[in-house]
Amino acid sequence: MKNYLNIMKFNLGICFFFLTFSSMAQTKVETIINGQNGKPIPYASIGIAGEGVGSVSSSEGKVILYIPSQNMKDSLTISHVNYQKKLVAIKDLTSNITLDKKVKQLNEVVVESKVFKTVQIGSTSTAGFLISGFSNGDLGGEVGSKIKIKRKSLIEEIGFHVHSNSFDSVRLRINIYDLNRKLPGEKISSEDFILITGKEAGFFKKKLNKLVLVQEDVIATLEMVDHFPKHKGSIYFSQTPPYVKRMYYRETSFDQVKKYIGGPMSIFINVKQEQK
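**Things to note about the nonpolar core**
Counting 38 residues, the largest nonpolar core has Phe160, Leu172, Ile196 and Phe237 as the members making the most contacts within it. Considering each element in turn, this core owes the most residues, five residues, to strand S17 (residues 218-228). With residues up to four places along the chain from it excluded, the contact list for Leu172 reads Phe134, Phe160, Asp192, Phe193, Ile194, Ile196, Leu222, Glu223, Met224 and Phe237.

**Some thoughts on the sheet that holds strand S6 (residues 62-68)**
Overall, mixed pairing links the three strands, which are arranged S6-S3-S9 in an open sheet. Every interior strand has two partners, whereas the edge strands, S6 and strand S9 (96-99), have only one. Across the sheet, the mean angle separating the axes of adjacent strands is 35° when strand polarity is ignored.

**What about a positive patch on the surface?**
Judged by side-chain charge, Lys146, Lys148, Lys150, Lys182, Lys245, Arg246 and Lys259 come together as a positively charged surface patch. Among the secondary structure elements, Lys150 is positioned in the loop between strand S12 (142-147) and strand S13 (153-165).

**With respect to the sheet that holds strand S15 (residues 183-197)**
One open sheet holds the six strands; their spatial order is S15-S14-S17-S12-S19-S20, and the pairing between them is antiparallel. Of all strands in the sheet, those with a lone pairing partner are S15 and strand S20 (258-261), marking the two edges. Going across the sheet, the axis of each strand differs from the next one's by a mean of 25°, ignoring polarity.

**Here's the deal with the side chain of Ser190**
Following the sequence through the fold, Ser190 ends up in strand S15. A distance of 2.6 Å separates the side chain of Ser190 from the side chain of Asn175, its partner in a polar contact. Among all residues touching Ser190, those that are not within four sequence positions of it are Val81, Arg173, Ile174 and Asn175.

**Some remarks on unusual backbone geometry**
With omega at 0°, the peptide bond leading from Phe228 into Pro229 counts as cis. Along the polypeptide, Pro229 turns up in the loop between S17 and strand S18 (234-238). Residue Pro242 follows Pro241 across a cis peptide bond; omega there is -5°. Tracing the backbone through its elements, the reader meets Pro242 in the loop between S18 and strand S19 (246-250).

**Quick word on the packing of aromatic side chains**
For the structure on display, the rule yields six aromatic pairs. Note on Phe129 and Tyr243: the rings are 5.8 Å apart at their centroids and 40° apart in plane angle, and the pair reads as tilted. One end of the pair, Phe129, is in the loop between strand S10 (116-122) and strand S11 (130-135); the other, Tyr243, is in the loop between S18 and S19, and 114 residues separate them in sequence. Judged by relative accessible area, which is 51%, Phe129 ranks as exposed. Between Phe160 and Phe237, the ring centres sit 5.8 Å apart and the planes meet at 85°, which makes this aromatic pair edge-to-face. Here the residue Phe160 occupies a position in strand S13, and Phe237 occupies one in strand S18, the gap between them amounting to 77 residues. Residue classification places Phe160 among the buried positions, given a relative accessible area of 0%. For Phe237, a relative accessible area of 0% gives the class buried. Counting every residue linked through ring pairs, the aromatic cluster contains Phe134, Phe160, Phe204 and Phe237.

Rules and cut-offs
- Residues numbered from 1 in each chain as written.
- Predicted model: local features only at pLDDT ≥ 70, side-chain atom pairs only at ≥ 80, totals over all residues.
- Heavy atoms only, no water.
- Core = buried A, V, L, I, M, F, W, Y, C linked by side-chain atoms within 4.5 Å.
- Buried < 20%, exposed > 50% of the residue type's maximum accessible area, 1.4 Å probe, protein only.
- Helix = DSSP H or I, 4+ residues; strand = E, 2+ residues; numbered from the N terminus.
- Contact = heavy atoms within 4.5 Å.
- Pairing = 2+ DSSP bridges.
- Axes fitted to C-alpha atoms, helices over the stretch in contact; angles between N-to-C directions.
- Patch = residues over 30% accessible without salt bridge, like charges linked within 9 Å, V, L, I, M, F, W, Y side chains within 5 Å.
- Areas by Shrake-Rupley, 256 points an atom, 1.4 Å probe, with all protein chains shown as cover.
- Salt bridge = Lys/Arg side-chain N within 4 Å of Asp/Glu carboxyl O.
- Lys, Arg positive; Asp, Glu negative; His and termini not counted.
- Charge placed at Lys NZ, Arg CZ, Asp CG, Glu CD.
- Polar contact = N/O pair within 3.5 Å; in protein donor to acceptor, adjacent residues only side chain to side chain.
- Phe/Tyr/Trp six-rings, centres within 6.5 Å; stacked < 30°, edge-to-face > 60°.

Given below as structure tokens:
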């Protein structure tokens, strides 16, 4: 969780720290996010939109936030891919928040009897001169890059390169967004997790549970939703030279998305495309 001292770090030989300091009084709030059946909802996103205050619920649905005094009149946004988004005034916050199940209307993807080929799009750089990632407490933080889609494609797999990892285990959520004014817009996929254990580094790939049909450029991100140990550790991803293009990052849930000029993240997707 971000305690107003921790956010993502971007390294150029040594670490550059983007730090947010607050001398204002803070109020600790706690709640549990449940479904209508009373069961906790793990890894739901919660935060104050655009204010840099946010986190992700634990595997038991628990959330602890430190709210600066100037934000006590604001509202918290709570969301999960399988539930309806909810807005709760901080002054009305109770020990439990219930989310309503989302009624999904799936758009069928019809694959006709045609010949398809698998194409890899994006970067597989392992360069370590510039790296980006998360340290402990950066729950809800995201890093990612734009991936150019030149023709209709079915995304079936996503991959990335871990430069270093000192967590015993870290859980990452894959998010895919469409583009809105050159920033992440609508989230079109967010349901697959990668669990990295044993301080592993190198390439990681994850097949999506459902193929995602895209026809225009997308932004693919990794979001940290859990890690162990809780109070130490970090994970860093390689970035792609030349270091003049942009990477996208969000410091915590519902914070503003920022662009960092220093090379896009090394992230790629494998797609199916109709063979000409």
